[in-house]
Amino acid sequence: MIIRPIKTVKGELVAPPDKSISHRAAILSAIANGRTEISNFLFSDDTFSTITALKKLGVNIDIDQKSSSLFVEGRGLNGLRATDKIDCGNSGTTMRLLAGLLSGQRFFSYLYGDESLNKRPMARIQIPLNMMGAKIKLSEGHAPIIIEPSKLIPIKYSMNIASAQVKSAILLASLYTSGTTEIEELYPTRNHTEIMLKHFNCDIDSRDNVVRIHNPNTLLANDVYIPGDISSAAYFIALALITENSNLIIRSVGINNSRIHIIRLWQKMGGNIRIFNERIVNGEDIADIEVKSSELTGIVINKEDVSLCIDEIPILAVTAAFANGETIITGAEELKVKESDRLFYIYWNLKNMKADVKLDNNTIYINGNNNLIGCKIDTANDHRIAMAFTVAGLRAFGQTNILNHKCVEVSYPRFYEDLNKILEY
Ligand code: S3P
């Protein structure tokens, strides 16, 4: 995909539906009692991995792509049926959440993924799930994952890595126990599973970084509206911030407190971002966002910041290349085990665009010079690298070529279509 520099960004967009919440809505409605309508569902490669897996497990799901709705006939906690190998594609959320759910079943399961997913660390779910009594086998810490039936017990678990997927796997497995499961997070992560479990009638509470779920629970079907995805909206927000004379409104963006840290960081950098029309839909906060061109200044980002905007670090790094002064991103080791080694590909592509960038261990140093030069971008088939460097390309001199740009379909199939609505050349 060839990207040419733009003059400005103007207009309005509706943010695409949230990927994390779409996965959770599909999974929880599948094990609820009754029929759930999920409106504004995200149809993307990753969420199709979850839908296909649930269908194989015996769940009746009707898809209406025209109205962006999913109708799920919940089978109750014990209504899933055994199936053969489950392909999770590129989706870590599908694999890790299903591993938790399937640990509690009375049948064997086998989960595998694509080349990238089969390289990602899975011991992080195996350890707590095995503590719960699950019998999970990995291949040298990676998928394929084989799960044998077993009896689960509640646990108290302190998470040493920041991962909403690990937390969610434990919560889903806990539904097959009796008693209270307690999860402590040293670094806070997104809490969509907790919110949606509550929406489906579960007895769950969170306080001071500790989540407690009191089982047994019966999940009751309850319609869900999926808010817009702030991680997808972030590409447009970034573009408006770093482009002169821009004025952009993005409607219906999820502004859950565990997700809007990226906005706070950009505001700290001097970003002119206004959140308005705030409302709550099925326990999730949403709002509209207005962004104007801004003079940004570099900042220091630490490990806790990273855990709160883990998916936005690539696009944050791109904006840092347009800020005055230095931005330092520290404690970013989790970025190495995403769909690609994002730490490396942020560095590598910024460097190839002639940014002033250094990578030292798990820290990236970016000295903003507002002077990127178009080049070939190695996306490593990673959707977030592709979208972040598309934004960089729109503000670079000359042409930028995004290799394998189709990988955006993992989270945002209409990314280029939506982008074209707001660009002025
Ligand atoms: C996600 C959690 C994060 C995030 C991913 C989606 C989720 O992963 O990077 O895109 O839906 O729970 P980790 O749990 O590995 O940090």
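Just so it is clear, the model here is predicted, and its values are computed rather than measured.

Procedures and definitions
- Residues numbered from 1 in each chain as written.
- Predicted model: local features only at pLDDT ≥ 70, side-chain atom pairs only at ≥ 80, totals over all residues.
- Heavy atoms only, no water.
- Helix = DSSP H or I, 4+ residues; strand = E, 2+ residues; numbered from the N terminus.
- Rg over C-alpha atoms; globule rule 2.2 N^0.38 Å.
- Buried < 20%, exposed > 50% of the residue type's maximum accessible area, 1.4 Å probe, protein only.
- Contact = heavy atoms within 4.5 Å.
- 1 Å grid on protein atoms, 1.4 Å probe; cavity = no way out; pocket = protein on both sides within 12 Å on 5 of 7 lines; lining within 4 Å.
- Points joined across faces, edges and corners; volume = space filled by probe spheres on them.
- Domains from an automatic or database assignment.
- Phe/Tyr/Trp six-rings, centres within 6.5 Å; stacked < 30°, edge-to-face > 60°.
- Lys NZ or Arg CZ within 6 Å of the ring centre and 35° of its normal.
- Nonpolar A, V, L, I, M, F, W, Y, C, P; charged D, E, K, R; others polar.
- Pairing = 2+ DSSP bridges.
- Axes fitted to C-alpha atoms, helices over the stretch in contact; angles between N-to-C directions.
- Parallel < 35°, antiparallel > 145°, perpendicular 65-115°, else oblique.
- Buried area = accessible area lost by both parts, 1.4 Å probe.
- Polar contact = N/O pair within 3.5 Å; in protein donor to acceptor, adjacent residues only side chain to side chain.

### Comments concerning the overall build of the chain
Thinking step 1. When helices and strands are tallied, the chain shows 13 helices and 24 strands.
Thinking step 2. The globule rule puts the C-alpha radius of gyration for 425 residues at 22 Å, and the 21 Å found for the chain is close to it.
Thinking step 3. For the chain, the spread of C-alpha atoms along the principal axes amounts to about 60 × 45 × 40 Å.
Thinking step 4. Counting every position in the chain, which comprises 425 residues, the buried fraction comes to 61%.
Thinking step 5. Taking all contacts inside the chain whose residues are at least 6 apart in sequence as the whole, residues at least 24 apart take part in 73%.

### Thoughts on empty space enclosed by the protein
Thinking step 1. Counting across every chain of the model gives one cavity of 30 Å³ or more.
Thinking step 2. Size it by volume and the largest cavity reaches roughly 390 Å³.
Thinking step 3. Lining the largest cavity we find 30 residues, and of these Q165, R190, I310, D311 and K338 sit closest to its centre.
Thinking step 4. Counting contributing residues per domain, the lining of the largest cavity is built from domain 1 (2–16 + 227–424) and domain 2 (19–225), each supplying no fewer than three.

### Concerning the packing of aromatic side chains
Thinking step 1. Going through the model one piece at a time under the given rule, you end up with 11 aromatic pairs.
Thinking step 2. Here the aromatic rings of F344 and Y345 are separated by 5.0 Å at their centres, their planes lie at 85°, and the arrangement is edge-to-face.
Thinking step 3. Relative accessible area serves as the criterion here: at 18%, Y345 is assigned to the buried category.
Thinking step 4. Seen from the ring of Y425, R4 lies directly overhead, with NZ or CZ sitting 4.7 Å from the centre.
Thinking step 5. Against the face of Y365 rests K358, its NZ or CZ located 4.9 Å from the ring centre.

### Quick notes on the layout of surface pockets
Thinking step 1. Size it by volume and the largest pocket reaches roughly 420 Å³.
Thinking step 2. Looking at the largest pocket, it is lined by 18 residues, and the ones nearest its centre are P16, P17, F41, S68 and R414.
Thinking step 3. Top element by residues in the lining of the largest pocket is strand β2 (residues 8–14). It accounts for three residues.
Thinking step 4. A class-by-class count of the residues in the lining of the largest pocket yields 11 nonpolar, three polar and four charged.
Thinking step 5. Each of two domains, domain 1 (2–16 + 227–424) and domain 2 (19–225), supplies a minimum of three residues to the lining of the largest pocket.
Thinking step 6. Put simply, the second largest pocket is a space of about 290 Å³.
Thinking step 7. Elements with a contribution of two residues or more to the lining of the second largest pocket: β12 (204–207) and β13 (210–215).
Thinking step 8. Classifying every residue of the lining of the second largest pocket by side-chain character gives four nonpolar, seven polar and six charged.
Thinking step 9. Of the residues that make up the lining of the second largest pocket, three or more belong to each of domain 1 (2–16 + 227–424) and domain 2 (19–225).

### Topic: the sheet that holds strand β14 (residues 224–225)
Thinking step 1. The four strands lie next to each other as β4-β5-β3-β14, forming an open sheet whose pairing is mixed. Here the strands that pair on one side only, and so sit at the sheet edges, are β4 (60–64) and β14.
Thinking step 2. Across the sheet, helix α1 (residues 19–30) lies against β3 (33–39), β5 (69–75) and β14, angled at about 35° from β5, the strand it touches most.

### Some details on the side chain of T47
Thinking step 1. With respect to the helices and strands, T47 occurs in helix α2 (residues 45–56).
Thinking step 2. Beyond its immediate stretch of four places on either side in the chain, T47 contacts K19, S22, H23, F41 and L42.

### Focus on the sheet that holds strand β22 (residues 376–377)
Thinking step 1. Spatially, three strands are ordered β1-β23-β22 in an open sheet, and the strand pairing comes out mixed. Here the strands that pair on one side only, and so sit at the sheet edges, are β1 (2–3) and β22.
Thinking step 2. Pairing of β1 with strand β23 (residues 400–402), which is carried by two bridges, proceeds in the antiparallel orientation. Paired with I2 across the bridge in β23 is N401.

### Concerning the packing of α1 against α2
Thinking step 1. Two elements in contact, α1 and α2, have axes whose closest approach is 9 Å; the angle formed by their N-to-C orientations is 5°. Viewed along their axes, α1 and α2 adopt a mutual orientation that is roughly parallel. Between α1 and α2, the residues in contact are K19, S22, H23, A26, I27 and A30 and D46, T47, T50 and L54, respectively.
Thinking step 2. When the residues that make up the contact of α1 with α2 are grouped by side-chain class, the tally is four nonpolar, four polar and two charged.

### Section: the domain arrangement of the chain
Thinking step 1. Entries for the chain in the domain assignment read domain 1 (2–16 + 227–424) and domain 2 (19–225).
Thinking step 2. The straight-line distance from the C-alpha centre of domain 1 to that of domain 2 is 28 Å.
Thinking step 3. Of the residues lining the interface, 27 residues belong to domain 1; the matching set on domain 2 comes to 27 residues.
Thinking step 4. Both faces considered, domain 1 and domain 2 share a buried interface measuring about 2400 Å² in area, 51% of it formed by carbon and sulfur atoms.
Thinking step 5. Ranking the residues of domain 1 by area buried against domain 2 places N282, E339 and V410 at the top, with a combined share of 23%.
Thinking step 6. Summed over the shared surface of domain 1 and domain 2, the result is 14 residue pairs in polar contact (both at pLDDT 80 or more).
Thinking step 7. If one sorts the elements of the side of domain 1 that touches domain 2 by residue count, helix α9 (residues 303–308) sits on top with four residues.
Thinking step 8. Looking at side-chain class alone, the side of domain 1 that touches domain 2 contains eight nonpolar, eight polar and 11 charged residues.

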